[in-house]
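Results of the structural survey
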Amino acid sequence: MRIKAIQAPLATAAALFLLLLLGGCQQGDSLDQVRAEGELRVVTRNSPTTYYQDRNGPTGFEYALASLLARDLGVELRIEPEFSLDAIFRKLRRSEAHLAAAGLTLTAQRMNEFPHSQPYYQFSPQVIYVAGTARPRELADLTDKDIVVLAGSSHAESLYALQQGGLDNLAWREVEEPDSTGLLEMVATRQAHFALTDSNEFEVQQGLYPRLRVAFDLGDEQQLVWFLPPDGDNHRLIQRINALFSRLEDSGEMKKLRELHFGHATGVSRMGSHTFSRNVNSKLPRFRELIRQVASEYQMDWELLAAISYQESHWNPLATSPTGVRGMMMLTLPTARELGVENRLDPGQSLRGGARYLKNIKRRLPSDITDPDLTWFAMAAYNVGMGHLEDARVITQRQGGDPDLWADVKKRLPLLQQSKYYQNTRYGYARGSEPVTYVQNIRHYYNVLQWEGISQNKPRPPVNTDDYLPTAIRSSRLSAL
Ligand code: GLU
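Residues numbered from 1 in each chain as written. Predicted model: local features only at pLDDT ≥ 70, side-chain atom pairs only at ≥ 80, totals over all residues. Heavy atoms only, no water.

Here the focus is empty space enclosed by the protein. Scanning the entire structure with this criterion turns up five cavities of 30 Å³ or more. Estimates place the volume of the largest cavity at around 120 Å³. Lining of the largest cavity is provided by 16 residues; of these, Leu-85, Leu-150, Ser-153, His-155 and Asp-198 occupy positions nearest its centre. Where the lining of the largest cavity is concerned, the elements lending two or more residues are strand E5 (99-105), helix H6 (154-164) and strand E10 (194-198). Taken together, the residues of the lining of the largest cavity break down into five nonpolar, seven polar and four charged. When its volume is computed, the second largest cavity comes out at roughly 70 Å³. As for the second largest cavity, its lining consists of Arg-55, Asn-56, Met-330, Leu-331, Thr-332, Thr-335, Tyr-357 and Tyr-382. Of the residues contributing to the lining of the second largest cavity, the split by class is four nonpolar, three polar and one charged. (1 Å grid on protein atoms, 1.4 Å probe; cavity = no way out; pocket = protein on both sides within 12 Å on 5 of 7 lines; lining within 4 Å. Points joined across faces, edges and corners; volume = space filled by probe spheres on them. Helix = DSSP H or I, 4+ residues; strand = E, 2+ residues; numbered from the N terminus. Nonpolar A, V, L, I, M, F, W, Y, C, P; charged D, E, K, R; others polar.)

Structure, rendered in structure tokens:
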């Protein structure tokens, strides 16, 4: 009896404890919440080093990592792009995202406020100046100069620390933008002396500003981490993130991702005409008949299809890009499926898929655009995606250009790489200079191939073929497309 009497309150206490525990679990830690919601909400920056849309959909280094975490947790990924560092941290403070993956540096101040993952990328903060002006070589050279940094950035924090440490006459401006393009633009156009930026951001953007140079690395190497909200229990979620990062490091996958997103893989071939001519003789004969056949099925010039497939894969039916785009026309798996292509490595299927895809794009473009421009627009959309092309057309119109003219739109496409412009577009950042190079290359190959065809029936004029690209022939043949 006594024993029972004791057991009863014990059982009640145990039940109560269990209830409390269960009640607590319903709230759960952040890992439980992610699972219960079925989605991982990630706040990021819409920028070339973090997250943006390309012709295959969303991409970027942070996007790739966040997708891997979502897959690991068996949930959907929801990306919430912001356009400034301050906005990202505001969202985190309000627990409106499960984590921030946005090329964020681990700093003393942030470390105090936010829990964070282990580092996944090392880089140097750099001082950028424009060639032809005095190159600063040390900290003292930064005093009494106009320096620009991103608002709320690690660089602003470093400058503040330097100032507190006694480096007087240090002045800087904080610019509210999602990435460093605005800062680089200010230095390039002499609206500021120097910019401070992360080395990976500078590398990716350098092509846009050929006159900008690295003056020196500001301090030691720094690290990028993911930050989590200050409230709630994030312990287990951080463990999962760290385990994923470690696995990716060990397997070499992380290295590949860094190379893919920060390396200089532009995806656009800039092969010289020399190599092209060599390939025309060595590789093209094997595919010439097939290309002719497919081109006639789709009522297009075979030289154009040959030029596109050369630009895409150098006439290599087994070509594979690190992003998993494959075959003669470099189709993604979803696009191939949509087009009914079963085997992307089959040259005939790939060429047919690509030709059909181009035809579809041409049909979707506004009817005011006519050939030959229609063809260039379609190829640009093939490269960068319809949405971004539309954004460039809107910018063209806003600037008083003609959105139906390729010559006008091609000048604006590269603006999609500058935050000043892409912030106000529907589809955000794009590697806008790529479709321009892409179309230029194809037009060049196309012209050379046409000339080859013509010259087979006529005596060759005593000039360099590169200089001899008759415009009249070019446009008359195109209007038949
Ligand atoms: N990594 C920097 C930060 O976390 C942002 C990028 C930059 O300012 O270049 O503040």
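Moving on, there is more to tell.
Within the fold, Asp-404 resides in the loop between helix H17 (386-398) and helix H18 (406-412). Within the local environment of Asp-404, its side chain forms a polar contact with the side chain of Arg-393, the two groups lying 2.6 Å apart. (Polar contact = N/O pair within 3.5 Å; in protein donor to acceptor, adjacent residues only side chain to side chain.)

Next up on the list: the pairing of strand E12 (residues 222-227). In terms of burial, E12 is a largely internal element, five of the six residues being buried. Where E5 and E12 come together, three bridges link them in antiparallel fashion. Paired with Leu-104 across the two strands is Val-225, which belongs to E12. Where strand E6 (residues 121-123) meets E12, three bridges bridge the pair, whose relative direction is antiparallel. Within the sheet, the bridge partner assigned to Gln-122 lies in E12 and is Gln-223. (Buried < 20%, exposed > 50% of the residue type's maximum accessible area, 1.4 Å probe, protein only. Pairing = 2+ DSSP bridges.)

A separate point is the confidence of the model for the protein chain. When pLDDT is averaged along the protein chain, the result is 85; 85% of the residues meet or exceed 70. Looking over the protein chain, one finds the lowest element-wise mean pLDDT in helix H21 (residues 471-478), namely 28, and the highest in E5, namely 98. Segment residues 457-481: pLDDT under 50, and 36 contacts once partners within four positions in sequence are set aside and those in other chains are kept. (pLDDT = per-residue confidence, 0-100. Contact = heavy atoms within 4.5 Å.)

Moving on, we get to the layout of surface pockets. The volume enclosed by the largest pocket comes to roughly 1400 Å³. Lining the largest pocket are 50 residues, with Asp-54, Asn-56, Ser-321, Thr-323 and Val-325 sitting closest to its centre. Among the secondary structure elements, those contributing two or more residues to the lining of the largest pocket are strand E2 (52-54), strand E3 (57-59), helix H3 (61-73), helix H10 (253-262), helix H13 (302-313), helix H14 (333-338), helix H16 (373-384) and helix H20 (433-457). A per-element tally of the lining of the largest pocket places H3 first, with six residues.

With that settled, the discussion passes to the side chain of Gln-418. For Gln-418, the location among the structural elements is in the loop between H18 and helix H19 (419-422). Classification of Gln-418 by relative accessible area gives buried; the value is 11%. Once residues lying within four places of it in the same chain are set aside, the contact partners of Gln-418 are Thr-181, Glu-185, Leu-208 and Tyr-209.

A few words now on the site of the ligand. Taken together, 14 residues form the shell around the ligand, and within it Gly-103, Thr-105, Arg-110, Ser-154 and Asp-198 come nearest. One of the backbone nitrogen or oxygen atoms of Gly-103 is found 2.9 Å away from a nitrogen atom of the ligand. The contact in question runs from an oxygen atom of the ligand to an N or O atom on the side chain of Arg-110, over 2.8 Å. In isolation the ligand offers 290 Å² of accessible surface; the protein chains occlude 100% of this area. Taking a 2 Å distance to the grid points as the criterion, the majority of the atoms of the ligand fall inside the largest cavity. Sorting elements by how many residues they give to the shell around the ligand places E5 first, with three residues. The residue makeup of the shell around the ligand, split by class, is three nonpolar, seven polar and four charged. (Near = heavy atom within 4 Å. Areas by Shrake-Rupley, 256 points an atom, 1.4 Å probe, with all protein chains shown as cover. Sits in = over half its atoms within 2 Å of the grid points.)

Moving on, we get to helix H4 (residues 85-93). The set of residues buried in H4 consists of Leu-85, Ala-87, Ile-88, Phe-89, Lys-91 and Leu-92. Buried-residue contacts for H4 involve strand E1 (39-45), strand E4 (76-82), E5, helix H5 (108-113), strand E8 (146-150) and E12. One or two residues past the end of H4 sits Ser-95, with phi positive at roughly 55 degrees.

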